[in-house]
Amino acid sequence: MNALLLAHGDLVPRSKLGSAWETPPAVLAGAAISLLLFAQAWIRLRRRGRTDHAGYDRALLFLAGVTLGTLALVSPLDPIGEEYLLSAHMLEHVLIGDAAVALAILALRGPLTFFFLPSPILGPLARIGPLRSFLRFVLRPKVSFGIWAGVFAGWHFPRAYDYVLTHQAVHDLQHVTFVLAGVLVWIQLIDPARRGELRRSGRIALAVALFTGGQILSDVLIFTFHPLYPAYAAQDERLLGLSPLADQRAAGIVMMVEQLITLGTCVAILLRASQRDLVRRAGRRPGASAA
């Protein structure tokens, strides 16, 4: 019943959506801390003469990732997603748990990863044995994928989803778990610390597995013939003229398109790198013609 009441736009009326910008302290603090940590790592590495690993392109990538994730949570997209459109809520989720995370980790690849935490913080953390064991466990490729699949599938069960909409603390927890799950799988795909847990072929396989997992959820949303989420089905103000079923299908398409862009780009980059390696190895073979 609470979810049905929420679905009538009582918290943020339709007429005020355009100005419904929020400033959640936790979100702003998280963004500020992330930017400060990156800035000190970037500056320290540049002072060591490693501008090749701390160029302005890295700074722009990280800023883009933090900005994208922050805007998704503080802009009108958040109340539109919470009260009016499942498709908007899905867009918010894939931005904070996938696109923004991918950009940030891409920016951190290489030595910047090891400079991200200052020595006074990194040193004591590294000496905590249980923490090291836990991180080794969750950073196993199969475990990271399993956590990601469990997080995204679990939160999108209709009962869990509607419960989240009426309990802010749980909603915040949902967002945190989306980000953390995204961090785990994108660490596997990009391998910023060059741990080598997965070969390039394994990273491509993981990207395909992630897309397949997301496609299962997308297909359920696109091809189901009735609305799955009561909070959105009961909404009496339809933004953009979308019916509950059309909105639900749009949510599935949003997830599919976003994954095609992010994971598709990742696979294309990995395949291109593999092709370069093949060409390089071919050039080194005995009897290969000189260029």
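So, how was this worked out
Residues numbered from 1 in each chain as written. Predicted model: local features only at pLDDT ≥ 70, side-chain atom pairs only at ≥ 80, totals over all residues. Heavy atoms only, no water. Helix = DSSP H or I, 4+ residues; strand = E, 2+ residues; numbered from the N terminus. Buried < 20%, exposed > 50% of the residue type's maximum accessible area, 1.4 Å probe, protein only. Contact = heavy atoms within 4.5 Å. Areas by Shrake-Rupley, 256 points an atom, 1.4 Å probe, with all protein chains shown as cover. Lys, Arg positive; Asp, Glu negative; His and termini not counted. Charge placed at Lys NZ, Arg CZ, Asp CG, Glu CD. Axes fitted to C-alpha atoms, helices over the stretch in contact; angles between N-to-C directions. Parallel < 35°, antiparallel > 145°, perpendicular 65-115°, else oblique. Left-handed = near helix turned anticlockwise from the far one by under 90°. Nonpolar A, V, L, I, M, F, W, Y, C, P; charged D, E, K, R; others polar. Arc of directions from axis to C-beta. Core = buried A, V, L, I, M, F, W, Y, C linked by side-chain atoms within 4.5 Å. Polar contact = N/O pair within 3.5 Å; in protein donor to acceptor, adjacent residues only side chain to side chain. 1 Å grid on protein atoms, 1.4 Å probe; cavity = no way out; pocket = protein on both sides within 12 Å on 5 of 7 lines; lining within 4 Å. Points joined across faces, edges and corners; volume = space filled by probe spheres on them. Phe/Tyr/Trp six-rings, centres within 6.5 Å; stacked < 30°, edge-to-face > 60°. Lys NZ or Arg CZ within 6 Å of the ring centre and 35° of its normal.

(A) Geometry of the overall build of the chain. A count of helices and strands for the chain gives 14 helices and zero strands. Walking the chain from its N terminus toward its C terminus, one meets helices and strands in the order α-α-α-α-α-α-α-α-α-α-α-α-α-α. On the principal axes, the C-alpha backbone points of the chain span a range of 70 × 45 × 35 Å. Counting the 291 residues in the chain, one finds 43% classified as buried. The long-range share in the chain, meaning contacts at least 24 apart out of those at least 6 apart in sequence, stands at 78%. When the accessible surface of the chain is summed, it comes to about 15,400 Å², and 68% of that surface belongs to carbon and sulfur atoms. Placing the 28 positive and 19 negative side-chain charges of the chain at their respective mean positions leaves the two points 20 Å apart.

(B) Up close: the packing of helix α5 (residues 86–108) against helix α11 (residues 168–190). Look at α5 against α11: their axes get within 8 Å of each other, and the N-to-C directions meet at 40 degrees. On the basis of the axis angle, α5 is oblique to α11. You can see that α5 and α11 cross each other, and the crossing is right-handed. Where α5 abuts α11, its residues H89, E92, H93, I96, G97, D98, V101, A102, I105 and L106 lie against H171, Q174, H175, F178, V179, G182, V183, W186, I187 and I190. For the contact of α5 with α11, the class distribution of residues is eleven nonpolar, seven polar and two charged.

(C) Inspection of helix α10 (residues 158–165) at higher detail. Buried residues of α10: Y161, D162, V164 and L165, and no others. End-on, the buried residues of α10 take up no more than an arc of 155 degrees, which puts them together on one face.

(D) Region of interest: the nonpolar core. Judged by nonpolar contacts, the single largest core of 38 residues is most densely connected at L86, M90, W186, L189, L210 and L221. Secondary structure elements with two or more residues in this core: α5, α9 (141–155), α10, α11, α12 (200–223), α13 (230–233) and α14 (244–284). The dominant element in this core, judged by the number of residues it contributes, is α11, at eight residues. Among all residues touching M90, those that are not within four sequence positions of it are H156, Y161, L217, L221, A251, V254 and M255. In terms of nonpolar packing, the next biggest core, distinct from the first, is built from 15 residues, A54, V66, A107 and L108 among them.

(E) View of the side chain of T224. The topology assignment puts T224 in the loop between α12 and α13. The class of T224 is buried, set by a relative accessible area of 15%. In terms of polar contacts, T224 uses its side chain to reach the backbone carbonyl oxygen of V220, at 2.4 Å. The residues touching T224, leaving out its near neighbours within four places in the chain, are D219, L245, Q248 and R249.

(F) Representation of the environment of A181 in the model. Residue placement: A181 occurs in helix α11. Along the primary structure A181 and L71 are separated by 110 residues, whereas in three dimensions their C-alpha atoms are 20 Å apart. In this structure, A181 is in contact with W148 and V151, ignoring residues within four places of it in sequence.

(G) Layout of unusual backbone geometry. Of note, D191 is a non-glycine position whose phi angle comes to about 55 degrees, a positive value. As for its placement among the helices and strands, D191 is situated in the loop between α11 and α12. On the basis of relative accessibility, which here comes to 12%, the residue D191 falls in the buried class. Phi at R194 takes a positive value of approximately 55 degrees, unusual for a residue other than glycine. Note on placement: R194 falls in the loop between α11 and α12.

(H) Structural context of the layout of surface pockets. Counted as a void, the second largest pocket has a volume near 640 Å³. What lines the second largest pocket is a set of 24 residues, among which L106, R109, I190, R203 and I269 lie closest to the centre. Looking at the lining of the second largest pocket element by element, the count peaks at seven residues for α14. Counted by class, the lining of the second largest pocket contains 14 nonpolar, four polar and six charged residues.

(I) Spatial organisation of the packing of aromatic side chains. This structure, assessed with the given rule, holds eight aromatic pairs. When the ring of Y161 is compared with that of Y229, the centres are 4.7 Å apart and the planes differ by 50 degrees; the resulting orientation is tilted. Of the two residues, Y161 is situated in helix α10 and Y229 in the loop between α12 and α13; the sequence distance between them amounts to 68 residues. In terms of burial, Y161 and Y229 fall into one category: buried. One aromatic cluster is present, formed by F145, W148, F152 and F178 through successive ring pairs. Taking the ring centre of Y56 as reference, the NZ or CZ of R46 above it sits at 4.8 Å.

(J) Structural context of the environment of L91. Examined against the element boundaries, L91 turns out to sit in helix α5. Relative accessible area serves as the criterion here: at 33%, L91 is assigned to the partly exposed category. Residues L91 and V164, 73 residues apart in the sequence, show an inter-C-alpha distance of 16 Å. Those residues in contact with L91 that sit more than four places away from it in its chain are L77 and V254.

Remember, this is a structural readout, not a statement about activity or role.
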